Each structure stands twice: as structure tokens, then as C-alpha cells.
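# Structural overview
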Amino acid sequence: MSRAGREALVEGHLDALHAFALAWTRNGDFASEVVQRTFLKAFEKLHQLRDPGAARSWLVAILRNEIAHEHRGRMRLVAWDGADFDGLAGEGPADDGVDPSLLAALPAALDQLPDPAREILLLRYQQELSYEQISDLLGLPLGTVQSRLHRAKAALKVLLTGMPAASTAGGVA
Amino acid sequence: MNPSHPSFDDQLRKALTPSPASASLRAAVLAARQPLGRRAAPWLAAAATLLLAAGGVWLGQRPRLSPGPAREVAGQALTNFLSVHTLDFQGAPPAPAGDCGSWCLQRTGFSAPLPSCTAPSEVEGGRACAVGRTPVGHYLLRGGRGLYVFARPFENCGGLPSPPLAVAAGLQARAWNENGRGYVLIETAGRDGR
């Protein structure tokens, strides 16, 4: 792979992959480590990437495997049986915005979600993957992805509005 | 919830916008090499090596292959060690640990054998990383020591462990060249030998 090709891949995706790894592992050193390994593997396997538009989801798939391989126990790659979503609160509207001041508590609220719920939110809103790409990545039907994303968002909103900081920040809008 | 606010989707997208990764991570990723085993065919690699060597002779100058002066590299290695000493070294070399060289080959593209002073049984783990812009093999040794192996020898460096070239946070870094490789050992400050 040419140096220009490598640089393009890194420039286009390094920040996002590092953010995902950091959000997942909560360890800056470890996040950097797995991101390096992800790109090393990507450089080796670039010929397998047939659609350049799918580079992000392809890289995320490699990154998830690297995290799972190096950090067993933290990323439950096969925990998608729905049980993690059964206990999630929030069946109400998930699309209305919240008071912007509540978003300061977003990292803490994300951390309180079950791993699969947190992951699907990161895949959609941080990695900007489409429903179809998430469906392929997680091996779930499209409808399941949509419903779980909806429930994860609703649960996140409940957490945000219920955070202690919310009352001091002026309450829920 | 307030309809006057942006949608929750937009709020999440904005709040989760990735921050720029560090320049050092960017450099380390770009410096990563493909393992030798997956590079071009051996005859092609040999031909390229011959061509480079001939080119170096023809130009009358030796290519700059060293990672740099020993003192500078030792300082960089110590900084790296301090930033990752809490890391869980789960990418440990496979048993037997004596196979560290080939383990590192898979990770960095060069074999990083242990120096003569280090027994395989002392190795507790390892990882591949970058120091400066140079890929290195980093072994965690018994007693919390760190051993960095560079693909090329250092400039201004002998074949025996140097006096401490860098000291920080109670740790010191020594450097030496051996069998065509550069080594940096990180250990508790005050030790006068390996």
C-alpha cells in the first residue's frame, strides 16, 4: 500500500477510531495501542476493502476485534440477545432534544448504559455508521438495530435528565 | 424536552464528535510497518535491498538508518515507558518466551531478539509500539523493568550498557548496541548494572 494511501486512511479515520476505543476502554494508553494495531492490520488487509465508502465500518470491525482480543471481558461481542435492552427505561419519544446543559453529563450517562446499548449509540452517532452498516457489523436484522437504537437513546435521555448535575444546571427542559 | 432544541440525534452527533488524536499517535500509526512475511515476494525484497545498497554506495554516502543518538533515544524510551507502565501487557510473547524475536517480527516487521544479558524467563509480556517515529519491540521484564529493542543500533553508543542516559520519576534508562540492534533498558534509578 502506498504511503499516500496509508496517510489518507489515517487522516480520514484515526480520530474517530481513537474516540471509539477511548470511549470503550476508558484507558488512553490502551486505546492508542489498539488503534495502532487496527491500522497495522488494515494496512495489511487493504486489498479486502472493496468499497472505499465502507472504510469506516471495516475499520471499526477490525478495531472491535482488536479490543476483544486484547481486552477480553470488556467487550461482549456475542451479548446481543436482547436481554441487555429489556431493562432499559424509556419507551417515550427519543428524538426530541434535551436542554443543552444536560449534555455535559453525556459521558457519565453513556457509562451507565449496558455495553451493547452504549456501543450502538457510539456506532451510530460517533462513527456515523448507517443502520445497514451497523446491521452488518453486529449481525442483527435492520429492524432490531432500529428498535435497539431507539431504546438506547430513550434510556440515555432518562439518564441525562436524571443526573444530579441536571438539577444544578437548571433542570430538565 | 423542548421542541426548540435541536433534535436529540443532532445533539448526540455533535456531542460525540471525535476529538483529534494526538500527533504522537498519528506518527506512530503512520510509522507502522507490515510484517515481513506479508510483504512482497522474497526475491523482490532481496532485489530492492540490493538496489538500495548499490544506490547508497553509488551516492557515496551511508543511508541514515540509526534511530538516533543513544541519549536522545533513551530519553524517548523512558518517556514512553512512563506513559504506559500501567498498561496491561496482554500481548505477551507466546511460550516459550525465547521466541520473542519472531513474536516481534509479526508485530513490527523486524526480529527483536533478547540481548545476551536477558534470559527468556525474565520476560513477562511484550507489545509493539513506536518510540519517536521508530517501531520498536517493548518487553516487560520481571521486576517492573522495561526493555526496548530497536531495529538498528544507536549512534554514539557502545556495546556495553551505558551509564544512565536519562532519569525521571525514579527510573533510569541505559542504552547499548548488540548484534546489530539498539537496546534501552528501563529500571529503577540507582542501579549500577544489569
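Criteria and cut-off values
Residues numbered from 1 in each chain as written. Chains lettered and ligands numbered in written order. Predicted model: local features only at pLDDT ≥ 70, side-chain atom pairs only at ≥ 80, totals over all residues. Helix = DSSP H or I, 4+ residues; strand = E, 2+ residues; numbered from the N terminus. Buried ≥ 20, exposed ≤ 12 C-beta atoms within 10 Å, placed from the backbone. Contact = placed C-beta atoms within 7 Å. Arc of directions from axis to C-beta. Core = buried A, V, L, I, M, F, W, Y, C linked by C-beta atoms within 7 Å. Pairing = 2+ DSSP bridges. Axes fitted to C-alpha atoms, helices over the stretch in contact; angles between N-to-C directions. Parallel < 35°, antiparallel > 145°, perpendicular 65-115°, else oblique. Nonpolar A, V, L, I, M, F, W, Y, C, P; charged D, E, K, R; others polar. pLDDT = per-residue confidence, 0-100.

### Focus on the overall build of chain A
A tally of helices and strands in chain A yields nine helices and zero strands. Tracing chain A from N to C terminus, the helices and strands come up as α-α-α-α-α-α-α-α-α. Per-residue burial for chain A yields a buried fraction of 39% across its 173 residues.

### Here's the deal with the overall build of chain B
When helices and strands are tallied, chain B shows five helices and six strands. Traced from its N-terminal end to its C-terminal end, chain B shows the element sequence α-α-α-α-α-β-β-β-β-β-β. Sequence separation of at least 24 residues holds for 58% of the intrachain contacts in chain B that already meet a minimum separation of 6.

### Thoughts on helix α7 (residues 131-138) of chain A
Residue and element names in this part refer to chain A. Regarding α7, the residues found buried are Gln133, Ile134 and Leu138. The buried residues of α7 occupy one face: seen down the axis, they fall within an arc of 115°. Of the residues trailing α7, glycine 139 is marked for its positive phi of about 70°.

### Observations concerning the nonpolar core
Counting residues in hydrophobic clusters, the biggest one holds 84 residues, and the most contacted among them are Ala74(B), Ala77(B), Ala175(B) and Val184(B). Looking at this core, the element that brings in the most residues is helix α1 (residues 3-25) of chain A, giving nine residues.

### Describing the pairing of strand β3 (residues 145-150) of chain B
On any regular strand, side chains alternate: one points to one face of the sheet, the next to the other face. Residue and element names in this part refer to chain B. Counting buried positions over the six residues of β3 gives five, a clear majority of the element. As defined by bridge partners, strand β2 (residues 134-141) adjoins β3 across six bridges and the pair is classed as antiparallel. Residue pairing for β3: tyrosine 139 is matched across the bridge by leucine 147. Connecting β2 to the next strand, β3, in antiparallel fashion are three residues, including glycine 143 with a positive phi near 85°.

### A look at the pairing of strand β5 (residues 171-178) of chain B
All names here are of chain B. Extensive coverage of β5 is indicated by the burial of seven of its eight residues. Alignment of strand β4 (residues 166-168) against β5, held across three bridges, turns out to be antiparallel. Residue pairing in the sheet places alanine 166 in a bridge with alanine 173 of β5. Between β4 and β5, which pair antiparallel and follow one another directly, the connecting turn spans two residues, one of which, alanine 169, has a positive phi of 50°. Two elements, β5 and strand β6 (residues 181-188), share eight bridges in a ladder whose sense is antiparallel. Within β6, the position partnered with leucine 171 by the bridge is threonine 188. Linkage of β5 to β6, two consecutive antiparallel strands, is achieved through a turn of two residues, within which asparagine 179 is found at a positive phi near 50°.

### Focus: the packing of helix α6 (residues 115-126) of chain A against helix α8 (residues 142-162) of chain A
All names here are of chain A. Direction vectors running N to C along α6 and α8 enclose 105°, while the axes themselves pass 9 Å from each other. One way to sum up the angle between α6 and α8 is to call them roughly perpendicular. When α6 is examined against α8, the residues Ala117, Ile120, Leu121 and Arg124 are found in contact with a partner set consisting of Arg148, Leu149, Ala152, Lys153, Ala155 and Leu156. Residues that form the contact of α6 with α8 fall into these classes: seven nonpolar, no polar and three charged.

### Digging into the confidence of the model for chain A
Residue and element names in this part refer to chain A. On average, residues of chain A carry a pLDDT of 77, and 79% of them reach 70 or more. Per-element mean pLDDT across chain A ranges from 40 in helix α9 (residues 164-168) up to 92 in α7. In this model residues 72-84 is a low-confidence stretch, pLDDT under 50, and it forms 18 contacts with partners more than four residues away in sequence or in other chains. Note on residues 164-173: pLDDT under 50 across the span, and 19 contacts to partners over four residues away in sequence or across chains.

### As for the confidence of the model for chain B
All names here are of chain B. Overall, the predicted model of chain B reaches an average pLDDT of 74, with 66% of residues at or above 70. Confidence over residues 55-64 falls short of pLDDT 50; this stretch has three contacts with residues more than four positions distant or in other chains. When the criterion is pLDDT under 50, residues 86-92 qualifies, and its contacts beyond four places in sequence or with other chains add up to 14 contacts. Predicted as a complex, the structure gets a pTM of 0.52 and an ipTM equal to 0.78.

### Quick look at the environment of Ala154(A)
Within the secondary structure layout, Ala154(A) lies in helix α8. Taking C-alpha positions, Ala154(A) is 8.2 Å from Asp95(A), a pair spaced 59 residues apart along the chain.

### Concerning unusual backbone geometry
For Glu128(A), which is not glycine, the phi dihedral falls at a positive 60°. Assignment of secondary structure puts Glu128(A) in the loop between α6 and α7. With a phi close to 55°, Asn156(B) is a non-glycine residue in the positive phi region. Following the sequence through the fold, Asn156(B) ends up in the loop between β3 and β4.

### Some words on the environment of Val136(B)
Residues and elements named next belong to chain B. Tracing the sequence through the fold places valine 136 in strand β2. C-beta crowding within 10 Å serves as the criterion here: with 29 such atoms nearby, valine 136 is assigned to the buried category. Each C-alpha atom of the pair valine 136 and alanine 77 lies 9.7 Å from the other, and the pair is 59 residues apart in sequence.

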